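# A closer look at the structure
This is what each chain is made of:
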Amino acid sequence: MWSVSAGAAHAVTLTAPSAALQSVDVTVTLGSNEPTGTLWVLVDGQLVASRLATPGTVASFADVAMGEGTKSVTAAVKHRAGVTYSTPVTVTVWGIPGKPWMFTPANGYGSRSQMIAAQAGASTTQITMYLNGTRVRTLDMTNGQKGWFGVQTLSAGASTIVLEAANPVTKRSYSYTVRRVDFPWPTCIIIDKSEYRLYWVKDGALVKVYPIAHGKPGTPTPVRNWKILAKYVTSPGSVYGPRKMRLFKQTSSGYVYTAYGIHGTNQPWVIGTMASHGCIRMYNKDVLELWPQVPLGTMVQTRQ
């Protein structure tokens, strides 16, 4: 608590916390020789509260709204002889810490060894990360700043990451569920049919997750290992959309040509369903993004 006084025959003392959440409790004490008048509370020179003042008054102002930031708070008594001011008190007003944005892993999916990184929300000075209930690291951060919590080992299945955002007066915890994706090759594509998802993995890291459509019940997409050994630029308005990657299936004698592929679609409404004759369909914007990243020879695994 800060307590200041004019230290004169006419004395006005203002007491307030140096830091507060959203609003501030202010107490003003008038000296016994202070004339009767009007008591003001000023924030950055602007009047925010007032009442009658008499000698020896102890006036409490609860929940004085000030807005977030560093404020100068002053008490003043206006009387017939003039105005008596207290010494200003500096108060830092904080809001509730905003939700951090966890930008990696993205979309709620991660690899076994996964970098965890987040961007701080508003009114934040620190973020503490917990992985499945165990504290990992605390970083000093400010609004909009990105912080890296290191490469962590995710549990098989789902892991819970809690980011506890704090400032000097309060803290809030935000929970995220991350599902681990296991993959057999450092660079590969995993097709999860049950989730209608394509996982693009490069150099041991999960790069991005895309929604897909796969084969109808009568023409299902086979569950197996494949290799991409041909890539095509196709007509944007065709059933293949603007790009296609040919899937060659693994056999005992090597990889052989098939009619299956990963491609775009001229029916974007079917994404997330069983709609094809066995091919993997993607939104055209997604296949245009993925296609140039995937080198020939990339392994593909379709899972049930």
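In what follows, the structure referred to is the one given above.
Bear in mind the structure is a predicted one, so any value in this text is a computation, not a measurement.

Core analysis: the biggest nonpolar cluster contains 23 residues, and Leu14, Val24, Val26, Val28, Leu39, Phe61 and Met66 have the highest contact counts within it. Among the secondary structure elements, those contributing two or more residues to this core are strand E2 (12-16), strand E4 (23-30), strand E5 (37-43), strand E6 (46-53), strand E7 (58-65), strand E8 (69-79) and strand E10 (89-94). The element best represented in this core is E4, accounting for 4 residues. Other than its neighbours up to four places away in sequence, Val28 contacts Val12, Thr13, Leu14, Leu39, Val41, Thr57, Val58, Ala59, Phe61 and Ala75. One finds Trp226, Ile262, Ile280 and Val287 within the second-largest nonpolar core, a separate group that totals 18 residues.

A few words now on the layout of surface pockets. Looking at the largest pocket, its volume works out to about 160 Å³. In terms of lining residues, the largest pocket is bounded by Val239, Tyr240, Lys244, Ala259, Tyr260, His263, Ser276, His277, Gly278, Cys279 and Arg281. The residue makeup of the lining of the largest pocket, split by class, is 5 nonpolar, 4 polar and 2 charged.

Strand pairs in the sheet, formed through backbone hydrogen bonds, run parallel or antiparallel to each other. What the 5 strands build is an open sheet, ordered E12-E18-E17-E14-E15; its pairing is mixed. Only two strands of the sheet have a single partner each, and these edge strands are strand E12 (109-110) and strand E15 (134-140). Inspection of the sheet shows strand E17 (residues 158-166) paired to strand E18 (residues 171-180) by 9 bridges, in the antiparallel sense. Residue pairing for E18: Leu163 is matched across the bridge by Tyr174.

Here the focus is the side chain of Thr265. Within the secondary structure layout, Thr265 lies in the loop between strand E25 (261-263) and strand E26 (274-276). Engagement of the side chain of Thr265 in a polar contact is seen with the backbone nitrogen of Gln267, the distance being 2.9 Å. When neighbours within four sequence positions are excluded, Thr265 is seen to be in contact with Ser238, Val239, Tyr240, Gly241, Ile271, Arg281, Met282 and Asn284.

Read across the sheet, 3 strands follow the order E11-E13-E16 without closing on themselves; strand pairing throughout is antiparallel. At either end of the open sheet lies a strand with only one pairing partner, and these are strand E11 (101-104) and strand E16 (146-153). If you compare each strand with its neighbour and ignore which way they point, the axes differ by 30 degrees on average. Where E11 and strand E13 (residues 113-119) come together, 3 bridges link them in antiparallel fashion. The partner of Thr104 across the bridge, within E13, is Ala117.

Reading the values: rules and limits
- Residues numbered from 1 in each chain as written.
- Predicted model: local features only at pLDDT ≥ 70, side-chain atom pairs only at ≥ 80, totals over all residues.
- Heavy atoms only, no water.
- Core = buried A, V, L, I, M, F, W, Y, C linked by side-chain atoms within 4.5 Å.
- Buried < 20%, exposed > 50% of the residue type's maximum accessible area, 1.4 Å probe, protein only.
- Helix = DSSP H or I, 4+ residues; strand = E, 2+ residues; numbered from the N terminus.
- Contact = heavy atoms within 4.5 Å.
- 1 Å grid on protein atoms, 1.4 Å probe; cavity = no way out; pocket = protein on both sides within 12 Å on 5 of 7 lines; lining within 4 Å.
- Points joined across faces, edges and corners; volume = space filled by probe spheres on them.
- Nonpolar A, V, L, I, M, F, W, Y, C, P; charged D, E, K, R; others polar.
- Pairing = 2+ DSSP bridges.
- Polar contact = N/O pair within 3.5 Å; in protein donor to acceptor, adjacent residues only side chain to side chain.
- Axes fitted to C-alpha atoms, helices over the stretch in contact; angles between N-to-C directions.

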